[in-house]
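Structural features, examined
Take a look at the letters that make up each chain.
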Amino acid sequence: MPDESHGAPTPYAPPPPGAVTVYRGATVFDGTGRPPRRAAIVVDGERIRQVVAEADAAALLPDGAETVDLDGRYVTPGLIDAHQHLATPPDRPRAEAVLRRLVHSGVTAIRDMADDVRQIGDLARATLVGEIPGPDIHYAALMAGPSFFDDVRTHQVTRGAVAGQVPWMQAVTPATDLPIAVALARGTHASAIKVYADLDAATVAAITAEAHRQSVPVWAHAAVFPAGPREVVEAGVDTVSHVTLLAHACAAQPLTTYRDKPPVDHVRLTAGNDPVIEDLLALMRRSGTVLDATAALWASAEMTGGGPEAAERARQNSDLAAALTAQAHRAGVPIATGTDYETPPDDPFPALYEELAFLVDRCGLTPADALRSATAVGARSAGAEQLRGTVEAGRLADFAVFDEDPLQDVKHLRTVHLTVKRGRRHARADFEAGR
């Protein structure tokens, strides 16, 4: 093995074990469900050693520890965007810019929901070891029916190979050797398998069963076509994406393919009390299925900017997303904060802030609910709830510091002052200065 000293520089690497820093003087919302409190956070290397009452901190300060005075600010766990696409098509400078903005906005982890894994894997390695600034990346390998691989995006992420015939983009049929297919996906170092489109209920269930047998989570679209939402949930997937796809549980005609979605009765479903949806949500709650709602997606400039017809379609789907997400929240379904889009490069803040605001302004979540969705539930959606999502002993030292209290108003996220990711500080002032 070559000497590590000859490798790439790691200016953003986590501190080593034994490097102790104590963060004092802040009100901490730890994401565990306990009330916010004045507390000190003791960080050893990349882990939280303990969280103690501020009044007890002085007596517990380890010898030689660095002290950081947070001066009356507010701490939350590191935020998590549960639905990103960083490499469709691959664009390394753009991806690095997005990652840099995310980590300087309090985001310490993301789920990348199927891209060119050759690039995503290297980005994940680079942010993990500290070659570049950015959140940790939990990424998926995709499985879909053969007909889906006519989609131009699948060719963008498999250039030099054949879409549907690579470990991160696999076409699956009833004849597929699923133990081998899942093992190939695992070999990409993916965190999960994403079940996307053009698969029937039996195949979705078979993929899920085999993935779970090999200890691999399954992330799925809420409707896979022809597999409908109830069949997807009954298959036992861990997380479903896109709340508007839940509407297809009420389809008046059989589902066929991803491209041929039947019309949705917006008037019926935006009332927010449909019994078919209510029954589906109760099943999701009992099953522990996480909903990656991507609720603000249809209200984004990306969806509303294509002329009057596109704007009207976006408005209808935005209303549908708000109604169904609110209904899911009332039903007790855990909601993660995915985006599936990004704000323009010149916007100082990421799309995740818009998703959180949408959840509060239009879906009935309180700021505390929304922050829990963006932290503890986000970690669960990524299969990383034992690693991150809360500020408590043993977890990664991932937290965000704000000048104003986001529990009072999620717009206060825009007062982000500091991100600590795996114990490494990323000051917002550095981002604003272009460093």
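A brief structural summary. None of the values given here were measured: they were computed from a predicted structure.

What counts and how
- Residues numbered from 1 in each chain as written.
- Predicted model: local features only at pLDDT ≥ 70, side-chain atom pairs only at ≥ 80, totals over all residues.
- Heavy atoms only, no water.
- Helix = DSSP H or I, 4+ residues; strand = E, 2+ residues; numbered from the N terminus.
- Rg over C-alpha atoms; globule rule 2.2 N^0.38 Å.
- Buried < 20%, exposed > 50% of the residue type's maximum accessible area, 1.4 Å probe, protein only.
- Areas by Shrake-Rupley, 256 points an atom, 1.4 Å probe, with all protein chains shown as cover.
- Lys, Arg positive; Asp, Glu negative; His and termini not counted.
- Charge placed at Lys NZ, Arg CZ, Asp CG, Glu CD.
- Salt bridge = Lys/Arg side-chain N within 4 Å of Asp/Glu carboxyl O.
- Arc of directions from axis to C-beta.
- Contact = heavy atoms within 4.5 Å.
- Polar contact = N/O pair within 3.5 Å; in protein donor to acceptor, adjacent residues only side chain to side chain.
- Core = buried A, V, L, I, M, F, W, Y, C linked by side-chain atoms within 4.5 Å.
- Axes fitted to C-alpha atoms, helices over the stretch in contact; angles between N-to-C directions.
- Parallel < 35°, antiparallel > 145°, perpendicular 65-115°, else oblique.
- Left-handed = near helix turned anticlockwise from the far one by under 90°.
- Nonpolar A, V, L, I, M, F, W, Y, C, P; charged D, E, K, R; others polar.
- Phe/Tyr/Trp six-rings, centres within 6.5 Å; stacked < 30°, edge-to-face > 60°.
- Lys NZ or Arg CZ within 6 Å of the ring centre and 35° of its normal.

1. With respect to the overall build of the protein chain
Helix and strand content of the protein chain: 15 helices and 18 strands. Against the globule reference of 22 Å for 435 residues, the protein chain gives a C-alpha radius of gyration of 22 Å, in line with a compact fold. Projected onto the principal axes, the alpha-carbon positions of the protein chain cover approximately 65 × 55 × 40 Å. Counting only residues that meet the buried cut, the protein chain has 56% of its 435 residues in that class. Surface summary for the protein chain: the accessible area is close to 17,400 Å², and the carbon and sulfur share equals 52%. In the protein chain, the 41 positive side-chain charges and the 56 negative ones have mean positions that sit 2 Å from each other.

2. Quick look at the pattern of salt bridges
Any two side chains of opposite charge can pair, on the condition that their charged atoms come close. In this structure the tally under the stated criterion is 27 salt bridges. With its nearest N and O atoms 2.7 Å apart, the salt bridge here joins Glu96 to Arg92. With a gap of four residues between them, Glu96 and Arg92 both fall in helix α2 (residues 92–103), about one helical turn apart. Linked by salt bridges that have partners in common, Glu46, Asp136, Arg388, Asp398, Lys421 and Arg422 make up one network.

3. Observations concerning helix α5 (residues 178–186)
Within α5, burial applies to Leu178, Ala181, Val182 and Ala185. For α5, the arc enclosing every buried residue in end-on projection is 95 degrees, short of the 170-degree limit, so these residues lie on one face. In the core, the buried residues of α5 are packed alongside β8 (136–144), β10 (169–171), β11 (192–195) and α6 (201–213).

4. With respect to the environment of Arg230
Mapped onto the elements of the fold, Arg230 is located in helix α7 (residues 229–234). In sequence terms Arg230 and Met284 are 54 residues apart; their C-alpha atoms lie 8.8 Å from each other. When near neighbours in sequence (up to four residues on either side) are disregarded, Arg230 contacts Asp279, Leu280 and Leu283. Here the side chain of Arg230 touches Asp279 through a polar contact of 2.8 Å, side chain to side chain.

5. Section: the nonpolar core
Within soluble globular proteins, side chains that are nonpolar generally end up buried alongside one another. Membership of the largest hydrophobic core comes to 102 residues, with the highest contact counts inside it found for Ile137, Ile193, Val195, Met284 and Leu291. Counting residues per element, this core draws most heavily on helix α12 (residues 351–363), at seven residues. In this structure, Ile193 is in contact with Ala141, Met143, Val182, Ala185, Ile207, Ala211, Val216, Pro217, Val218 and Trp219, ignoring residues within four places of it in sequence. Residues Tyr23, Ala39, Val391 and Phe399 belong to the second largest nonpolar core, which totals 17 residues.

6. Observations regarding the side chain of Ser381
As for its placement among the helices and strands, Ser381 is situated in helix α14 (residues 376–381). For Ser381, a relative accessible area of 1% translates into the label buried. Those residues within four positions of Ser381 in sequence are excluded, and the remaining contacts are Ala82, Arg111, Trp219, Thr239, Val290 and Ala336.

7. Quick look at the packing of helix α9 (residues 275–287) against helix α11 (residues 308–330)
Packing of α9 against α11 leaves a shortest axis separation of 10 Å and a crossing angle of 50 degrees. Judged by the inter-axis angle, α9 sits oblique to α11. The handedness of the crossing between α9 and α11 comes out as right-handed. Residue-level inspection shows Ile277, Glu278 and Leu281 of α9 in contact with α11, the latter providing Leu324, Gln327 and Ala328. Among the residues making up the contact of α9 with α11, the classes are represented as four nonpolar, one polar and one charged.

8. Topic: the packing of aromatic side chains
Following the criterion strictly, the structure yields seven aromatic pairs and no others. Taken together, the aromatic side chains of Phe148, Phe149, Tyr196, Phe225 and Tyr258 make up a single cluster linked through ring pairs. Lying over the aromatic face of Trp219, Arg111 brings its terminal NZ or CZ to 4.4 Å of the ring centre. Over the aromatic face of Phe225 sits the side chain of Lys261, whose NZ or CZ is 5.6 Å from the ring centroid.

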